[in-house]
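Fold and geometry: a report
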Amino acid sequence: MTSETEFWFNTKTREVEEGKRSSWENLMGPYPTRAEAEQALEKAAQRTKDWDEDDKEWREGS
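Described below are features of the structure shown in this document. (Residues numbered from 1 in each chain as written. Predicted model: local features only at pLDDT ≥ 70, side-chain atom pairs only at ≥ 80, totals over all residues. Heavy atoms only, no water.)

A word on a negative patch on the surface
There is a patch of like negative charges on the surface, built from Asp50, Asp52, Glu53, Asp54, Asp55, Glu57 and Glu60. Looking at the element boundaries, glutamate 57 is found in helix H2 (residues 40-60). Residue class for glutamate 57 comes out partly exposed when judged on its relative accessible area of 42%. (Patch = residues over 30% accessible without salt bridge, like charges linked within 9 Å, V, L, I, M, F, W, Y side chains within 5 Å. Areas by Shrake-Rupley, 256 points an atom, 1.4 Å probe, with all protein chains shown as cover. Salt bridge = Lys/Arg side-chain N within 4 Å of Asp/Glu carboxyl O. Lys, Arg positive; Asp, Glu negative; His and termini not counted. Charge placed at Lys NZ, Arg CZ, Asp CG, Glu CD. Helix = DSSP H or I, 4+ residues; strand = E, 2+ residues; numbered from the N terminus. Buried < 20%, exposed > 50% of the residue type's maximum accessible area, 1.4 Å probe, protein only.)

Observations concerning the sheet that holds strand S2 (residues 15-18)
Strand order in the open sheet made by the three strands is S2-S1-S3, with antiparallel pairing throughout. In this open sheet, the two strands that pair with only one neighbour each are S2 and strand S3 (27-31). Put simply, the sheet's adjacent strands are angled 25 degrees from each other on average, direction ignored. Sheet topology places strand S1 (residues 7-10) next to S2; four bridges connect them, and they run antiparallel. Considered in S2, the bridge of asparagine 10 is made with glutamate 15. Sheet contacts for H2: S1 and S3; angle to S3, the most-contacted strand, approximately 100 degrees. (Pairing = 2+ DSSP bridges. Axes fitted to C-alpha atoms, helices over the stretch in contact; angles between N-to-C directions. Contact = heavy atoms within 4.5 Å.)

Some words on the pattern of salt bridges
Summed over the entire model, instances satisfying the criterion amount to one salt bridge. For the salt bridge of arginine 34 with glutamate 18, the shortest nitrogen-to-oxygen distance reads 3.7 Å. Of this pair, arginine 34 sits in helix H1 (residues 34-38) while glutamate 18 sits in strand S2, placing them 16 residues apart in sequence. For arginine 34, a relative accessible area of 34% puts it in the partly exposed group.

Digging into the side chain of glutamate 17
When you line up the elements, glutamate 17 lands in strand S2. Within the buried core, glutamate 17 has no salt-bridge partner, and the shortest N-O distance to an opposite charge, that of arginine 21, equals 4.2 Å. Of note is the side chain of glutamate 17, whose polar atom sits 3.4 Å from the backbone nitrogen of arginine 21. Contacts of glutamate 17, omitting those with residues within four sequence positions, involve Glu6, Phe7, Trp8, Asn10, Ser22 and Leu27. (Polar contact = N/O pair within 3.5 Å; in protein donor to acceptor, adjacent residues only side chain to side chain.)

Written out as structure tokens, the structure is:
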């Protein structure tokens, strides 16, 4: 088990938490750094966009 700090993005408060303090229902993570946790929503949005594009290409047979 690691003793390094993990960071979580709280989707309700829109704040980064050091360590898991809130309900799992509101958390994204863990992330190894505060900076990565701060970018959680942007990263998730980009992944969703990429997956949607991949699905569209697959459906169209490209």
